[in-house]
Amino acid sequence: MSEELVLSLRHVYSGYSDGAGLFGKRQRQEVLHDVSFDVRHGEILGLVGESGTGKSTLARTILGMVRPDRGEVVHYTKRPQMIFQDPYSSLNPFYSVEWTLEEPLRVYGKYGRAERKRRVREMLERVELTEDYLKAKPSELSGGQRQRVSIAAALIRRPKFLIADEPVSALDVTIQAQILDLLRALRRELDLSYLFISHDLNVVYQLCDRVLVMKRGRIVEQGTVDEIFDHPKEDYTKQLLLAAE
Amino acid sequence: MECEERTDKIFTLRSPRFSEGCLLMKYALKRAAAGLATMLIVSFLTFAAFDLISGDAATAMLGTSATPERLAALRAELGLDRPLPVRYGEWLLGFFTGDLGSSTSYKQPVWDLIASKTGLTLCLSLVSFVLIAAVSIPLGVFTAGRRRFEGARTALNQLGMAVPPFFTGILLSWVFGVGLKWFTPGQFPDAGRDFAGAAVYLLFAAAALSIPRIAMTARMLRSTVQEELGKDYVRTAISRGNDRGQVLRRHVLKNALPPVVTFLAQTMAEIVAGSIVVEQVFVIPGLGQMLVTSISNRDYPVVQAIVVILAFWVVLAGTAADLINQRIDPRLRLGGAA
């Protein structure tokens, strides 16, 4: 594993606006406090913590969907892409698989029709779906198939860095294993790095190289999988591990 | 009619072409039958209602001072002395052979009497409809997800929905007609000679008719768009690099429009009903005026014809909405796959 970075965060504070009164007065909700970490080239970095600690806000901040209030988010690769948790609702029910896969290419407008079709077919093959699925709508696919489509859509612009927000937590255990295998294979084939957000420590243990532990918007501990799972330093990490057994 | 059932593969794909054509035929026939049934029921109810209210064409023509003998003679002449089913049957026969009968008060064939008025009312309704769609859709989409001035906007919206068209009509006539003299209230220009004048006149009448429906449609669209905006696929679309406009155009609208299209179709029916009132306020010689006059004259052939035309219009609007929805949303396609 090289020390080349794909992403680094330095002292990031972020949050969202919430609550609107009669004339739209808003309140700023701080979620992330002084978050700093790096994602190294080729690694799968796990991000664990209870729900509501700001894992998803962190993902959105990295993607630029939420602007950080303070601190720096530095990308060393082109725009990262994201895979979401619920494969049932994260695909637009209106469109076919083909449309969904082509869309990221269409948004940036510099790919011709033939090039788009070619890439869609290539990516479909990579996620182990056949061309029969091109015309299918999300409602006609199983959860695992949908998540494969989501992964393909995230990878179609050939990003080097992928953020996966609980990508397998909505799936059956056997399907989970298949999707995790797929993510591993894609990392190897496409030279990817992942930020893998999960509350499921077993999944993190299986898949990740390093782990960040987050509590109430702060990174309380980070280290390799072995360090975190075998020699946790923080009480919070110990509690999480205990709860997972 | 037999439609071939498709066998499901490992996963279901949309119906193949051949069965779609077959289903379309079936659908068209079903729709036409339902429409015809609606029109028949409406026409019969109108006919029956005429029998229940006091007075008929004979009393209307001769006045209250007429002797019973003269009334009886006129009733016999007009055929009003026969039982209801016979008269309805006769009317129905005429209707299906293209003969709407002749007006008892104007002594003219009904069709000659209402043809130009039908055109005028359709014009008014269409202008109102276009106005509603053209204003409310952008308004609903633009305000969705924006919380500024929410209170003021809600108040304005409620006001728009609450104020009845006849009042708005009087207000518009007073401000733009009497005050600014953009048109002369009560004098509908002849469209042949003064087209622009007639258009302006109709536009104000249409505005009075449309405002409550614009408010309703905009509010409905705003809430459906808002609901869609909160869904996960929108978040996915944003993460893939779509900006707000692209998210709305490509992702949200197609999912948010079907209920609104259905609502607009119902609106189409309401507009036609509402135009009767607005025609009175603006003194537009359309079907509405004709209907009111003919009811007080007990001129049942004219009333029957107008009611059937209105019913036809409502049925047509409903069918159009169905077809448009199926074009927008393949999930609503015939046979209801998935």
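Data block above holds the structure.
Across its full length, chain B holds 12 helices and zero strands. Mapped in sequence order, the helices and strands of chain B form the string α-α-α-α-α-α-α-α-α-α-α-α. C-alpha atoms of chain B, sized along the principal axes, occupy 85 × 65 × 35 Å. Counting over 338 residues, chain B shows a buried share of 43%. Of the contacts made within chain B by residues no fewer than 6 positions apart, 71% connect residues no fewer than 24 positions apart. Working note: accessible area of chain B is about 17,800 Å², and carbon and sulfur atoms make up 66% of it. In chain B, 33 side chains carry a positive charge and 25 a negative one; their mean positions are 12 Å apart.

Right, let's get into the overall build of chain A. Of regular secondary structure, chain A possesses eight helices and nine strands. At 19 Å, chain A has a C-alpha radius of gyration in line with the 18 Å of a compact globule built from 245 residues. With respect to the three principal axes, the spread of C-alpha positions in chain A is 50 × 50 × 35 Å. Looking at chain A as a whole, 54% of its 245 residues qualify as buried. Put simply, 69% of the contacts in chain A that link residues at least 6 apart link residues at least 24 apart. Accessible surface, chain A as shown: approximately 11,200 Å² in total, 46% of it carbon and sulfur.

Glancing now at the packing of aromatic side chains. Residues and elements named next belong to chain B. Inspection of the entire model under this criterion finds 17 aromatic pairs over all chains. Geometrically, the ring pair formed by Phe95 and Phe96 is edge-to-face, given 5.5 Å between the ring centres and 75° between the ring planes. Of the aromatic side chains, those joined through ring pairs into one cluster are Phe44, Phe47, Tyr88, Trp91, Phe95, Phe96 and Tyr300.

Turning next to the pairing of strand E9 (residues 218-224) of chain A. All names here are of chain A. Sheet analysis places strand E8 (residues 210-215) next to E9, joined by six bridges and oriented antiparallel. Counted as the bridge partner of Lys215 is Arg218 from E9. Between the end of E8 and the start of E9, which pair antiparallel, lie two residues, with Arg216 showing a positive phi angle near 45°.

Residue and element names in this part refer to chain B. As a volume, the second largest pocket reaches approximately 640 Å³. Leu139, Leu156, Asn157, Gly160 and Ala215 are the residues nearest the centre of the second largest pocket, which is lined by 26 residues in total. Put simply, the parts of the chain that give the lining of the second largest pocket at least two residues each are helix H5 (110-143), helix H6 (150-162), helix H7 (165-179) and helix H8 (195-229). It is H8 that provides the largest number of residues to the lining of the second largest pocket, a total of eight residues. Tallied by class, the residues present in the lining of the second largest pocket amount to 14 nonpolar, eight polar and four charged.

Quick look at the pattern of salt bridges now. Opposite charge on two side chains permits pairing when their charged atoms draw close. Residues and elements named next belong to chain A. Going through the model one piece at a time under the given rule, you end up with 22 salt bridges over all chains. Salt-bridge contacts for Asp38 lead to Arg10; the nearest nitrogen and oxygen are separated by 3.0 Å. Here Asp38, found in strand E2 (residues 27-40), pairs with Arg10, found in strand E1 (residues 5-18); they are 28 residues apart in sequence, far enough to count as distant. Measuring nitrogen to oxygen at the nearest pair gives 3.3 Å for the salt bridge that ties Arg106 to Glu102. Placement of the pair is Arg106 and Glu102 together in helix H2 (residues 97-108), with a separation of four residues, close to one helical turn. Salt bridges sharing common partners tie together Glu98, Glu102, Arg106, Arg116, Lys117, Arg121, Glu131 and Lys135.

All names here are of chain B. With respect to the helices and strands, the residue Pro138 is situated in helix H5. Residue class for Pro138 comes out partly exposed when judged on its relative accessible area of 44%. For Pro138 and Phe96, which are 42 residues apart along the polypeptide, the C-alpha to C-alpha distance reads 43 Å.

The next subject is a nonpolar patch on the surface. All names here are of chain B. There is a patch of nonpolar side chains on the surface, built from Phe166, Phe167, Ile170, Leu171, Trp174, Val175, Val178, Leu180, Trp182, Val200 and Val277 and spanning about 1,000 Å² of accessible area. Of the residues forming the nonpolar patch, the biggest block, seven residues, is contributed by H7. The exposure class of Leu171 is partly exposed, given its relative accessible area of 41%.

Most of H2 of chain A is tucked away: 10 of the 12 residues are buried. What H2 of chain A keeps buried is the set Val97, Glu98, Trp99, Thr100, Leu101, Glu102, Glu103, Pro104, Leu105 and Val107 of chain A.

The next subject is the sheet that holds strand E6 (residues 161-165) of chain A. Residue and element names in this part refer to chain A. The sheet built from six strands is open, its strands ordered E5-E6-E7-E3-E8-E9 with mixed pairing. Both edges of this open sheet fall to strand E5 (81-83) and E9, since each of them pairs with a single strand only. In this sheet, adjacent strand axes meet at a mean angle of 20° when their direction is disregarded. Helix-sheet contacts for helix H4 (residues 143-155) involve E5 and E6, and the interaxial angle to E5 is about 175°.

With 13 residues, H4 of chain A extends 18 Å between its outermost C-alpha atoms, agreeing within 8% with the 18 Å of an ideal straight helix rising 1.5 Å per residue. Among the 13 residues in H4 of chain A, 13 count as buried, and that is most of the element.

Turning next to the packing of helix H10 (residues 244-282) of chain B against helix H11 (residues 287-296) of chain B. The description of two packed helices rests on the angle between their axes and on the distance between the axes. Residue and element names in this part refer to chain B. Interaxial distance between H10 and H11 falls to 7 Å at its minimum, and their mutual angle equals 90°. In terms of orientation, H10 lies roughly perpendicular with respect to H11. Every residue of H11 that contacts H10 at Ile276, Glu279 and Gln280 is listed here: Leu287, Gly288, Gln289, Leu291 and Val292. In the contact of H10 with H11, the residues fall into four nonpolar, three polar and one charged.

Cut-offs applied
- Residues numbered from 1 in each chain as written.
- Chains lettered and ligands numbered in written order.
- Predicted model: local features only at pLDDT ≥ 70, side-chain atom pairs only at ≥ 80, totals over all residues.
- Heavy atoms only, no water.
- Helix = DSSP H or I, 4+ residues; strand = E, 2+ residues; numbered from the N terminus.
- Buried < 20%, exposed > 50% of the residue type's maximum accessible area, 1.4 Å probe, protein only.
- Contact = heavy atoms within 4.5 Å.
- Areas by Shrake-Rupley, 256 points an atom, 1.4 Å probe, with all protein chains shown as cover.
- Lys, Arg positive; Asp, Glu negative; His and termini not counted.
- Charge placed at Lys NZ, Arg CZ, Asp CG, Glu CD.
- Rg over C-alpha atoms; globule rule 2.2 N^0.38 Å.
- Phe/Tyr/Trp six-rings, centres within 6.5 Å; stacked < 30°, edge-to-face > 60°.
- Pairing = 2+ DSSP bridges.
- 1 Å grid on protein atoms, 1.4 Å probe; cavity = no way out; pocket = protein on both sides within 12 Å on 5 of 7 lines; lining within 4 Å.
- Points joined across faces, edges and corners; volume = space filled by probe spheres on them.
- Nonpolar A, V, L, I, M, F, W, Y, C, P; charged D, E, K, R; others polar.
- Salt bridge = Lys/Arg side-chain N within 4 Å of Asp/Glu carboxyl O.
- Patch = residues over 30% accessible without salt bridge, like charges linked within 9 Å, V, L, I, M, F, W, Y side chains within 5 Å.
- Axes fitted to C-alpha atoms, helices over the stretch in contact; angles between N-to-C directions.
- Expected span 1.5 Å × (residues − 1).
- Parallel < 35°, antiparallel > 145°, perpendicular 65-115°, else oblique.

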